Structures are given as C-alpha cells and as structure tokens.
Amino acid sequence: MAIVDVVVIPVGTEGPSVSKYIAEIQSKLKEYKAAGKIDYQLTPMNTLIEGDLKDLLEVVQVIHELPFNKGLDRVCTNIRIDDRRDKSRKMGDKVTAVQKHLNDGGK
C-alpha cells in the first residue's frame, strides 16, 4: 500500500481561486473510492491518496487532466510517493504512530 501526496495547480484561471477545480478533482476521487481502488483525504494544501501504486499513478494522471478538460492550457502537478513494502500501513496508522509517541511523552 502506497500513499501519494498530490497537488494539482491549474494555471491561467480567471482569478486566484482554484476551489472549483479542486472540487472536481475530489468528485473524481470519490468515484475511485466508491470503486474500491483508493482512499483519499483532502487537506487545506493538498490531497493524500492511498492504494496500490499502479492505481495511484492512474488516478494522478486522471486528475491532472481534469483542468485541461475545462479549457486550461497549463497544469502543474506535484506528487510525493511514500511506498513502504515491509508492512502495510494506512494514512491513519501513520498519524496514530506519531500520536502514540506524543502520548508517551516523546519516548
């Protein structure tokens, strides 16, 4: 199971807000989640997607294309991949591990 941190940046929009583009991306991610291929989490600065790496790379390509489909001529997409293969961990497991250390006083 891998986790991808993805930021899709539509360039050349009519104004500084890109929330309508992000909303469309979230709707597409919801479709992939309903199909059982991924899980995802929207944050104020990015979206985290988890699943099999092959599926994640497919999803990244699909969401990268969405602003182009709305008539934009340029899209910048940043991705960071965390692919741990010695054990299966989900996004929530990573947060829980840090919280455990905080609850133990940082030990």
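Residues numbered from 1 in each chain as written. Predicted model: local features only at pLDDT ≥ 70, side-chain atom pairs only at ≥ 80, totals over all residues. Heavy atoms only, no water.

Trainee: Is there a simple way to think about the UniProt feature "domain: Thiamine-binding protein" (unreviewed entry) in the protein chain in this case?
Mentor: Within the UniProt annotation, "domain: Thiamine-binding protein" (unreviewed entry) is assigned to residues 4-99. In the segment residues 4-99, helix accounts for 44% and strand for 29%; the C-alpha atoms at its two ends are 21 Å apart. (UniProt positions renumbered as here; feature names shortened; annotations may be inferred. Helix = DSSP H or I, 4+ residues; strand = E, 2+ residues; numbered from the N terminus.)

Trainee: Help me understand the nonpolar core, please; the structure alone is not making it clear to me.
Mentor: Taken as a class, soluble globular proteins show a tendency for nonpolar side chains to be buried jointly. Counting residues in hydrophobic clusters, the biggest one holds 16 residues, and the most contacted among them are Val-6, Leu-29, Ile-38, Ile-49, Val-59 and Ile-63. Elements with a contribution of two residues or more to this core: β1 (2-11), α1 (19-34), β2 (38-42) and α2 (53-69). At five residues, α2 tops the list of elements feeding residues into this core. (Core = buried A, V, L, I, M, F, W, Y, C linked by side-chain atoms within 4.5 Å. Buried < 20%, exposed > 50% of the residue type's maximum accessible area, 1.4 Å probe, protein only.)

Trainee: Got a minute to help me understand α1 in this structure?
Mentor: A turn of α-helix holds 3.6 residues, and therefore any two residues three or four places apart point the same way. With 16 residues, α1 should cover 22 Å at 1.5 Å per step; its first-to-last C-alpha distance of 22 Å lies within 8% of that length. Residues of α1 that are buried: Tyr-21, Ile-25, Gln-26, Leu-29 and Tyr-32. Mapping the buried residues of α1 onto a view down its axis gives an arc of 140°, with all of them on the same face. Residues of α1 that are exposed and point more than 90 degrees away from the buried face comprise Lys-20, Lys-30 and Ala-34. Elements in contact with the buried residues of α1: β1, β2, β3 (47-51) and α2. A positive phi of about 80° marks Gly-36, the residue just after α1. (Expected span 1.5 Å × (residues − 1). Arc of directions from axis to C-beta. Contact = heavy atoms within 4.5 Å.)

Trainee: So what exactly am I meant to see when it comes to the pairing of β3 here?
Mentor: It is a general feature of regular strands that their side chains alternate between the two faces of the sheet. Within β3, four of the five residues are buried, leaving the element largely enclosed by the surrounding structure. In this sheet, β3 lies alongside β1 in antiparallel orientation, the contact comprising five bridges. Across the sheet, residue Asp-5 finds its bridge partner in β3, namely Leu-48. Bridge analysis of β2 against β3 gives five bridges, and the strand direction is antiparallel. Across the sheet, Gln-41 pairs through a bridge with Leu-48, a residue of β3. (Pairing = 2+ DSSP bridges.)

Trainee: Whenever I open this one, the environment of Leu-56 confuses me. Can you help?
Mentor: Looking at the secondary structure, you find Leu-56 in helix α2. Separated by 30 residues in the primary sequence, Leu-56 and Asp-86 have C-alpha atoms spaced 19 Å apart. Each residue touching Leu-56, except ones within four places of it in the same chain, is listed here: Ala-2, Ile-3, Val-4, Ile-38, Ile-49, Glu-50 and Gly-51.

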